[in-house]
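Structure assessment
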Amino acid sequence: MRINISRKKIRDSFVGKVEEISGQNLLACYQCGKCSAGCPAISEMDILPNQIIRYAQLGLKDELLQSKSIWICASCFTCNARCPKGINIAEVIEAIRQILLRKREDHLKIEKLSDAEKSNVPPIAIISSLRKFTS
Amino acid sequence: MKISYYPGCTLKNNAKNFEDSALYSLKHLGVEVEELPRWNCCGTVFSLATDDLIHHVAPIRNLIRVKESNSNRVMTLCAMCYNTLKRANERVKADPESLDKINQFMYREDINYEGDVKVLHLLELLRDEIKLENLAKQVVKPLKNLKVASYYGCLLIRPKEIGLDDIENPTILENIMTSLDADPVDFPYKTECCASYQTVDKPEIVADRTYQILTSAQEQGAEVVALSCPLCAFNLDHRQKETAKKYPEFKNIPILYFTQLMAIALGCPEEVLRLDLNFIDPKPILKEKGLI
Ligand code: SF4
Ligand code: SF4
Ligand code: SF4
Ligand code: SF4
């Protein structure tokens, strides 16, 4: 994948927004990769957790907002538990999801699920997926 | 001992086997359990966004119910309820300004929440108050020769600030199994996420995780898996159907709430266990071991 880096992107309000919503200091990350090493979801991800942090530092907004990874992360907090710099990666990913959800761009379309799909799963699954994937 | 109890919605439905076996065990251990009046769903996940207070209202409202029932602590069984209630509680305790806003939002409540309720999980109650040596003394049907792998998942132990045991190598469930005279089996996937709510629209991801987690437990000799979360239970138990479709060599393994195993050891009649709600039938292995 070809990635363009520019001063404009780095200074985009997106970076500040991610830091604000997540409460994390993105520049604390020194790219050790430990978050990705322990993440159980990387086989489904297009951008790995450590790359998400790097992309966010660089303001690569389009790449992040279009990535599959932000919807694959299940907030299991393994990365947070292991980051030597104390960064809450799961919170950063939540912030990126929130930036989309706050524009009413829901990820899960409950109306598209069949009655069978809905009635098979317990309330705890329906409620948590709606909380994570809809505005 | 008396304790307020927050069930959460799934314990009243799909996880009735979890609730009934836990309540049976607690009664047997001399604990008086009082379900909270007018409890509401906690929202299942703790909101991670710094500026999102509205989603802390649901958990905090439940803590007001605890105060209203003249108690200052509340027990949960569901790992997700535990995590959400406890994190919301810690969040407002550390941030009086947010607590004030949340209280103002709930202006129709009779009392304000002041951060003075303690949230605890049944596992903590067993370990710290009932004590495992006392549990062991009450065992009438030892789970002899039953090889149990304990699965923690994420939310009982992460993040560290609210976790009830070691974050990388929790042992509380294994210790309980030892007290019940079962053979605990250690396995490397006991804290690996089962993919959680992805189960709604991406069951194939859950099938992959279930395969990894359960085959790892089986390789270590496990005959059953014990756990404490209704969503973990759904994913590891019901999703074995999808797992077997995707991985033809996969062999089913029964998944039980740790409270079902505890109740058996405490002499619980079979109908209370609600084994009909367990998807992979645990009866053959329990019969083989002379436990039902
Ligand atoms: S573990 Fe922390 S420091 Fe290391 S790459 Fe991930 S976010 Fe950066
Ligand atoms: S929280 Fe998300 S990114 Fe972090 S380890 Fe879990 S699935 Fe991976
Ligand atoms: S976390 Fe579970 S059981 Fe808890 S209230 Fe909420 S959905 Fe229901
Ligand atoms: S293991 Fe799965 S359902 Fe259980 S706490 Fe983690 S994400 Fe939740």
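Look a little higher up for the structure.
In what follows, the accompanying structure is described. On a predicted model such as this, the values are computed, not experimentally measured, just so you know.

Around ligand 1, the structure places 14 residues, and the nearest of them are Cys29(A), Cys32(A), Gly33(A), Cys35(A) and Cys83(A). Contributing elements (two or more residues each) for the shell around ligand 1: α3 (34–38) and α4 (49–57) of chain A.

Residues and elements named next belong to chain B. Strands sit in the order β6-β5-β7-β8 across an open sheet of four strands; the sheet is parallel. Sheet topology places β6 (183–185) and β8 (255–257) at the edges, where each strand pairs with a single neighbour. Each strand of the sheet is rotated relative to its neighbour by a mean of 40°, with strand direction disregarded. By the bridge criterion, three bridges tie strand β5 (residues 147–150) to β6 in an arrangement that is parallel.

Quick look at the site of ligand 4 now. The environment of ligand 4 is formed by Tyr151(B), Gly153(B), Cys154(B), Leu155(B), Cys193(B), Cys194(B), Ser196(B), Cys229(B), Leu231(B) and Cys232(B). Residue classes in the shell around ligand 4 are distributed as eight nonpolar, two polar and no charged.

Across the contact, 42 residues belong to chain B and 38 residues belong to chain A. Where chain B abuts chain A, roughly 3,300 Å² becomes buried across the two surfaces, and 62% of that area is made up of carbon and sulfur atoms. When the buried area of chain B at its contact with chain A is split by residue, Leu48(B), Tyr197(B) and Val200(B) rank highest and sum to 23% of it. Our count for the chain B to chain A interface comes out at three salt bridges. Where Arg87(B) meets Glu91(A), a salt bridge forms, and the shortest distance between an N and an O atom there is 3.7 Å. The interface formed by chain B and chain A includes 13 residue pairs in polar contact (both at pLDDT 80 or more). Counting residues per element, the ones that place at least two in the side of chain B that touches chain A are α3 (79–93), α8 (203–219) and α9 (230–238) of chain B. Partitioning the side of chain B that touches chain A into residue classes produces 20 nonpolar, eleven polar and eleven charged.

Residues and elements named next belong to chain B. Relative to the elements of secondary structure, Asn278 occurs in the loop between α12 (270–273) and α13 (283–288). Look at Asn278 and you get buried, because its relative accessible area is 6%. Along the backbone, Asn278 and Asn14 are 264 residues apart, and their C-alpha atoms lie at a distance of 9.3 Å. With near-sequence residues (within four places) excluded, Asn278 lies in contact with Asn17, Asp237, Ile255, Leu256 and Gln260. Among the polar contacts made by the side chain of Asn278, one reaches the main-chain carbonyl oxygen of Ile255 at a distance of 2.8 Å. A polar atom in the side chain of Asn278 sits 3.0 Å from the side chain of Gln260.

Cut-offs and rules
Residues numbered from 1 in each chain as written. Chains lettered and ligands numbered in written order. Predicted model: local features only at pLDDT ≥ 70, side-chain atom pairs only at ≥ 80, totals over all residues. Heavy atoms only, no water. Near = heavy atom within 4 Å. Helix = DSSP H or I, 4+ residues; strand = E, 2+ residues; numbered from the N terminus. Pairing = 2+ DSSP bridges. Axes fitted to C-alpha atoms, helices over the stretch in contact; angles between N-to-C directions. Nonpolar A, V, L, I, M, F, W, Y, C, P; charged D, E, K, R; others polar. Contact = heavy atoms within 4.5 Å. Buried area = accessible area lost by both parts, 1.4 Å probe. Salt bridge = Lys/Arg side-chain N within 4 Å of Asp/Glu carboxyl O. Polar contact = N/O pair within 3.5 Å; in protein donor to acceptor, adjacent residues only side chain to side chain. Buried < 20%, exposed > 50% of the residue type's maximum accessible area, 1.4 Å probe, protein only.

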